Amino acid sequence: MAVSHTLGAVGEVVVLVKVVRTLLGDIPPEEMGITDCHEHLIRSGGPEIAESQDYLLNDVDKAVQEFNLFVQSGGKTVVAMDPIGCGRDVAAMLEVARRVSGHILLTTGFHRGELYDNRHHWVMTCSVDQVADMLIAEIEQGLDLHSYNGPIVERVPAKAGLIKAGTSYLKVTEFERRVLQAAARAQNATGAPVVTHTTGGTMALEQVETLREHGADVSKVVVGHMHRNPDPVYNRRLLDTGVNLGYDTCRFKYYSENFVVSLLLDLVKAGYQGQIVLGHDAGARGYQKAWGAGVGLDYLLTELVPRLRSEGMPEDAINDILVNNPARIFAIEDKSGDASADAVHSV
Ligand SMILES: [Zn+2]
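Residues numbered from 1 in each chain as written. Predicted model: local features only at pLDDT ≥ 70, side-chain atom pairs only at ≥ 80, totals over all residues. Heavy atoms only, no water.

Student: I'd like a description of the pairing of strand β6 (residues 103-109), backed by residues and values.
Tutor: Counting buried residues along β6, 7 of its 7 residues qualify, which places the element largely inside the surrounding structure. Burial along β6 is two-sided: His103, Leu105, Thr107 and Gly109 and Ile104, Leu106 and Thr108, pointing in opposite directions, are all buried. Relative to β6, strand β5 (residues 77-80) runs parallel, the two sharing 4 bridges. Residue pairing in the sheet places alanine 80 in a bridge with leucine 106 of β6. Sheet analysis places β6 next to strand β7 (residues 162-166), joined by 3 bridges and oriented parallel. Within the sheet, the bridge partner assigned to threonine 108 lies in β7 and is isoleucine 163. (Buried < 20%, exposed > 50% of the residue type's maximum accessible area, 1.4 Å probe, protein only. Helix = DSSP H or I, 4+ residues; strand = E, 2+ residues; numbered from the N terminus. Pairing = 2+ DSSP bridges.)

Student: Account for the layout of surface pockets, with residues named and values stated.
Tutor: The space that makes up the second largest pocket amounts to roughly 190 Å³. If you go around the second largest pocket, the residues you meet are Lys18, Gln187, Asn188, Thr190, Gly191, Asp217, Lys220, Arg328, Ala331, Ile332, Glu333 and Lys335. At the level of elements, α6 (174-190) and β12 (331-333) are the ones that each hand at least two residues to the lining of the second largest pocket. Counted by class, the lining of the second largest pocket contains 2 nonpolar, 4 polar and 6 charged residues. (1 Å grid on protein atoms, 1.4 Å probe; cavity = no way out; pocket = protein on both sides within 12 Å on 5 of 7 lines; lining within 4 Å. Points joined across faces, edges and corners; volume = space filled by probe spheres on them. Nonpolar A, V, L, I, M, F, W, Y, C, P; charged D, E, K, R; others polar.)

Student: Quick rundown of the nonpolar core? Include the residues and the values.
Tutor: If you look at the biggest cluster of nonpolar residues, it comprises 93 residues, and the most contacted ones within it are Ile104, Phe110, Tyr247 and Leu278. Formed by 13 residues, the second largest nonpolar core is a distinct cluster that contains Val20, Met32, Ile329 and Phe330. (Core = buried A, V, L, I, M, F, W, Y, C linked by side-chain atoms within 4.5 Å.)

Student: Report on a nonpolar patch on the surface, specifying residues and quantitative values.
Tutor: Residues Tyr254, Tyr255 and Phe259 make up a contiguous nonpolar surface patch of about 280 Å² in total accessible area. Looking at the element boundaries, phenylalanine 259 is found in helix α9 (residues 257-269). (Patch = residues over 30% accessible without salt bridge, like charges linked within 9 Å, V, L, I, M, F, W, Y side chains within 5 Å. Areas by Shrake-Rupley, 256 points an atom, 1.4 Å probe, with all protein chains shown as cover. Salt bridge = Lys/Arg side-chain N within 4 Å of Asp/Glu carboxyl O.)

Student: Residues and numbers for the sheet that holds strand β4 (residues 35-39), please.
Tutor: Each strand in a sheet pairs with its neighbour through backbone hydrogen bonds, running either in the same direction (parallel) or in the opposite one (antiparallel). With respect to topology, 8 strands assemble into an open sheet ordered β4-β5-β6-β7-β8-β9-β10-β11, the strand pairing being parallel. Unpaired on one side and paired on the other, β4 and β11 (276-278) mark the two borders of the sheet. Neighbour to neighbour, the strand axes of the sheet diverge by 30° on average, direction disregarded. Lying over the sheet, α6 contacts β7, β8 (194-197) and β9 (221-223), oriented at roughly 160° with respect to β7. (Axes fitted to C-alpha atoms, helices over the stretch in contact; angles between N-to-C directions. Contact = heavy atoms within 4.5 Å.)

Student: Help me get a handle on the packing of helix α10 (residues 299-310) against helix α11 (residues 315-329), residues and values and all.
Tutor: Relative orientation of the contacting elements α10 and α11 amounts to 145°, with a least axis distance of 10 Å. Read as a crossing pair, α10 and α11 show a hand that is right-handed. In contact with Leu301, Val305 and Arg309 of α10, α11 contributes Glu315, Ile318 and Leu322. Class assignment for the residues of the contact of α10 with α11 results in 4 nonpolar, no polar and 2 charged. (Left-handed = near helix turned anticlockwise from the far one by under 90°.)

Below, the structure written as structure tokens:
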């Protein structure tokens, strides 16, 4: 079990246990196993659905079926990336979590700004500290059953395991700047990782800069969707800041797969294998077998990873990318003092 030691207020040694905060309780990081670091299982509302009904993922049975495909192909943990205001459904996600044999982490935080009212949303009308406090409460006290859709906050024992922030294509709006600042403060207070959405893989360096400026430890930050900008120079510049990169829509939506495969092979050769994670981001019916699509959550492990292997990715790099890196990034120090990492809280 991963532990670290620090000096308490009166000089005694306090042992801080590192845990990964899943929906059904804290687990030791080494129990995470093969992890899909950007996923969607349930989305029951939110503005994306107005764009297309394909984004409506409102079926617990199908979510369980899809998760099982991932487990059958060797997967263990899924990081669910539906944030506040984008159809996050805590009750349905808890039901999925109870019915699958793997682990699910659920995020707090926000998506890119254009999915919110940029004048009247509480991200804009409250202070950044107040926004950060709302995120911290979801990580330390419990998720709001209503996902802060207001006006009633009703916390469940299940907690958020990470913080999401996002930016627009080629710009960072005021809403997004405030979210990045709040995410950095919440990370600083809780140790929880930040996982971001970039649009088209742009503004990634700006995300890292803003997060760092406001107190984030970038070694616990994953900049997401970087397969959408597979420029090797840009990706290496990012990795040199110490941040982790998520390649998480690897299903030939944006580019044919050879771009991301050769980028990943080059980055591993250059020594960055400790800073790379993968996801599938199957956030629509058209990407899930349970909804009748041709690819599903198993794609990562049945197609992408075998291809990486066949093109020469060393086994230890694959293991870092799928197992060791997520376990390091998503581990947080349990400050409650009472949580045994072996205990799975009932919810
Ligand atoms: Zn996503």
